[in-house]
Amino acid sequence: LSHLPFPKFGVIRHHNNNKHASSSYNPHSDNKDSVVSLKEICEGHVPKHVLKRIEEIGYVMPTDVQRQALPFLFSGRDCIIHAQTGSGKTLTYLLLIFSIINITKSSVQALVLVPTRELGIQVTKVARMLASKPIGFQQDQKSCTIMPLLDGGTLKRYKSWLKAEPPTIVIATVASLSQILERQFFMLESVRVLVVDEVDFIFNSSKQTSSLRKLLNSYSSCNNRQTVFASASIPQHRRFLHDCVQQKWTKSDVVHIHVSPVEPMPSRLSHRFIICDTKRKLETLLSLIQSDAPESGIIFVGEQSEKSKKAGNSPSTSLVCDFLKASYQGSLDIFLLEDDMNFNSRAASLLEVRKGGGYLLVATNIAARGVDLPEMSHIYNFDLPRTATDYLHRAGRTCRKPFSDMKCTVTTIIVPEERFVLQKYENELMFNCEEVIP
Ligand SMILES: Nc1ncnc2c1ncn2[C@@H]1O[C@H](COP(=O)(O)OP(=O)(O)OP(=O)(O)O)[C@@H](O)[C@H]1O
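The sections below set out a description of the structure shown in this document. (Residues numbered from 1 in each chain as written. Predicted model: local features only at pLDDT ≥ 70, side-chain atom pairs only at ≥ 80, totals over all residues. Heavy atoms only, no water.)

## Some thoughts on helix H13 (residues 316-327)
Here comes step 1: In this model H13 runs 16 Å from its N-terminal to its C-terminal C-alpha over 12 residues, within 8% of the 16 Å that 1.5 Å per residue would give.
Here comes step 2: Taken together, the buried positions of H13 are occupied by Thr 317, Ser 318, Val 320, Cys 321, Phe 323 and Leu 324.
Here comes step 3: Buried residues along H13 sit against helix H11 (281-292), strand E11 (297-300), strand E12 (333-337) and strand E13 (359-363). (Helix = DSSP H or I, 4+ residues; strand = E, 2+ residues; numbered from the N terminus. Expected span 1.5 Å × (residues − 1). Buried < 20%, exposed > 50% of the residue type's maximum accessible area, 1.4 Å probe, protein only. Contact = heavy atoms within 4.5 Å.)

Below is the structure:
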């Protein structure tokens, strides 16, 4: 670190019976006397034109996670960034990347792995926004190139891009990156920083976990790169920290930055539930929407089971969407986003939502991870999420403006037998759900 000390507050706790130097930074005693601006934290590490850009965009003060993680990241430590949804983890790891890359070198120097194409497009957009030249800066200098390598793109196009001029930063889904690496279109040797966003999701996905392990161990070594894992939820984080060192996914002095450990969910969120029979769920949803009059909202619906698909049934998402289109009389536009849609239709839905008018987005969990949509006031769980972690990420699509005090509501529609499951989530995530009596 050049000029800024590590945060004075908080403690660094050693884990693993001191066998490893890995540590957990617990900011629970954070005194929050944050008068240091984001620019001051980054000065001396991040290039001047990026610092100017963060100010132009309006990132002036750091969020808690940025204030706590950036000094460790700039010092070269591997980090597990574990902080609330909407807390600004993306900007945190992108600032590290901009502090490390050297644009005069023609090689891939930073790699960000994401679980979905949608999140990849979003991260690419933020990275490009930071990389673009600020007003008044010379335009003729070589600038950093950022390549999204995402599911749905064509391998041929990626190959010719990588051959013509290797991008400085690659933002990739695990499957697409693995295909490229297997064909040896490029190697990870030159990568100096590797970020895995929504790391718990990728490790939990049967389709992605073995490829991720390969990327972390076979295609590159933790000794030759700085490794960053990020998520709002890292279940059994002590175990994960231990695995990181044991499996050599990170170096042994990896730091666990755990922001808001006792309050994993934004406190501006209020939670409600309503009990009804399965047959009355659609009418219940409609009357909730009519009485809430949301500015915008997401309606999360469970994924269709393989059995139901084989039986030729329509997915619940389509049923909900069609029902709302036929019965909802308000001014909000209704869009659908689910895994089985083709990539163009998925992109079109997100584009419409991002235009910023009032909307109701009927979505599966595909919209639950990382996606930063225009501020919405309401989330509806038409189906109870399968796990507390799913609840956390669905709820976290709202209340995403770090310095705003906008209040948002999450409402879960349950059948009587599901009350105890929701109660379990309340205990696990430490929030309180109030019953809405129809
Ligand atoms: N320092 C800052 N000042 C103002 N806004 C910020 C700052 N940092 C990030 N933001 C904004 O906060 C919002 C949430 O940030 P981001 O998407 O990085 O959250 P996240 O921590 O990755 O959440 P999730 O766990 O849901 O993926 C974004 O709209 C981003 O532009």
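Still more ground to cover, so stick around.
## A short note on the environment of Thr 389
Here comes step 1: Mapping Thr 389 onto the fold places it in helix H15 (residues 388-395).
Here comes step 2: With residues near it in sequence (within four places) discarded, Thr 389 still touches Asp 200, Ser 233, Pro 235 and Arg 369.

## Topic: the packing of helix H7 (residues 174-182) against helix H9 (residues 209-217)
Think of two packed helices as two axes; the pair is described by the angle between the axes and how far apart they sit.
Here comes step 1: Orientation of H7 relative to H9, taken along the N-to-C sense of each, is 55 degrees, at an axis distance of 10 Å. By the angle between their axes, H7 is oblique relative to H9. The way H7 lies across H9 gives a crossing that is left-handed. Contacts between H7 and H9 involve Val 174, Leu 177, Ser 178, Leu 181 and Glu 182 on the former and, on the latter, Ser 211, Leu 212, Lys 214 and Leu 215.
Here comes step 2: Across the contact of H7 with H9, the residue classes break down as 5 nonpolar, 2 polar and 2 charged. (Axes fitted to C-alpha atoms, helices over the stretch in contact; angles between N-to-C directions. Parallel < 35°, antiparallel > 145°, perpendicular 65-115°, else oblique. Left-handed = near helix turned anticlockwise from the far one by under 90°. Nonpolar A, V, L, I, M, F, W, Y, C, P; charged D, E, K, R; others polar.)

## Description of the site of the ligand
Here comes step 1: Looking at the ligand, there are 20 residues lining it, with Gly 86, Lys 89, Thr 90, Asp 372 and Arg 400 nearest.
Here comes step 2: At a separation of 2.9 Å, a nitrogen atom of the ligand approaches a polar backbone atom of Met 61.
Here comes step 3: The contact in question runs from an oxygen atom of the ligand to an N or O atom on the side chain of Arg 400, over 2.8 Å.
Here comes step 4: The protein chains hide 89% of the 650 Å² of surface that the ligand would expose on its own.
Here comes step 5: Here the shell around the ligand takes 3 residues from helix H4 (residues 89-100), the largest share from any one element. (Near = heavy atom within 4 Å. Polar contact = N/O pair within 3.5 Å; in protein donor to acceptor, adjacent residues only side chain to side chain. Areas by Shrake-Rupley, 256 points an atom, 1.4 Å probe, with all protein chains shown as cover.)

## Concerning the packing of helix H3 (residues 64-74) against H4
Here comes step 1: Viewed as axis vectors pointing N to C, H3 and H4 meet at an angle of 25 degrees, and their least axial separation amounts to 10 Å. Taken together, the axes of H3 and H4 are roughly parallel relative to one another. Here H3 runs over H4; the crossing is right-handed. Residues Val 65, Gln 66, Ala 69, Leu 70, Leu 73 and Phe 74 of H3 form the contact with H4, whose participating residues are Lys 89, Leu 91, Thr 92, Leu 95, Leu 96 and Ser 99.
Here comes step 2: Class assignment of the residues belonging to the contact of H3 with H4 gives a composition of 8 nonpolar, 3 polar and 1 charged.

## Some words on the environment of Lys 39
Here comes step 1: By secondary structure assignment, the location of Lys 39 is in helix H1 (residues 38-42).
Here comes step 2: If near-sequence neighbours (up to four positions away) are discounted, Lys 39 is found in contact with Leu 51, Glu 55 and Val 60.

## Points about the nonpolar core
Here comes step 1: Counting 79 residues, the largest nonpolar core has Leu 95, Ile 97, Phe 98, Leu 113, Ile 169, Phe 229 and Phe 240 as its most contacted members.
Here comes step 2: Excluding its chain neighbours within four sequence positions, the residues that come into contact with Ile 97 are Ala 110, Val 112, Ile 169, Val 193 and Val 195.
Here comes step 3: Formed by 35 residues, the second largest nonpolar core is a distinct cluster that contains Ala 368, Val 371, Leu 384 and Cys 433. (Core = buried A, V, L, I, M, F, W, Y, C linked by side-chain atoms within 4.5 Å.)

## Re the packing of aromatic side chains
Here comes step 1: In total, this model carries 6 aromatic pairs according to the counting rule given.
Here comes step 2: Ring geometry for Phe 240 and Trp 249: centres 6.1 Å apart, planes at 35 degrees, overall tilted. Both residues of the pair, Phe 240 and Trp 249, belong to the buried class.
Here comes step 3: An angle of 55 degrees between the planes, with centres 6.4 Å apart, marks the rings of Tyr 391 and Tyr 425 as tilted. With Tyr 391 in helix H15 and Tyr 425 in helix H16 (residues 419-429), the pair connects residues that are 34 residues apart, well separated along the chain.
Here comes step 4: The class for Tyr 391 is buried, based on a relative accessible area of 0%.
Here comes step 5: Members of the aromatic cluster, each reached through a chain of ring pairs, are Phe 203, Phe 229, Phe 240 and Trp 249.
Here comes step 6: A cation over an aromatic ring shows up here: Arg 419 above the ring of Phe 273, its NZ or CZ 4.1 Å from the ring centre. (Phe/Tyr/Trp six-rings, centres within 6.5 Å; stacked < 30°, edge-to-face > 60°. Lys NZ or Arg CZ within 6 Å of the ring centre and 35° of its normal.)

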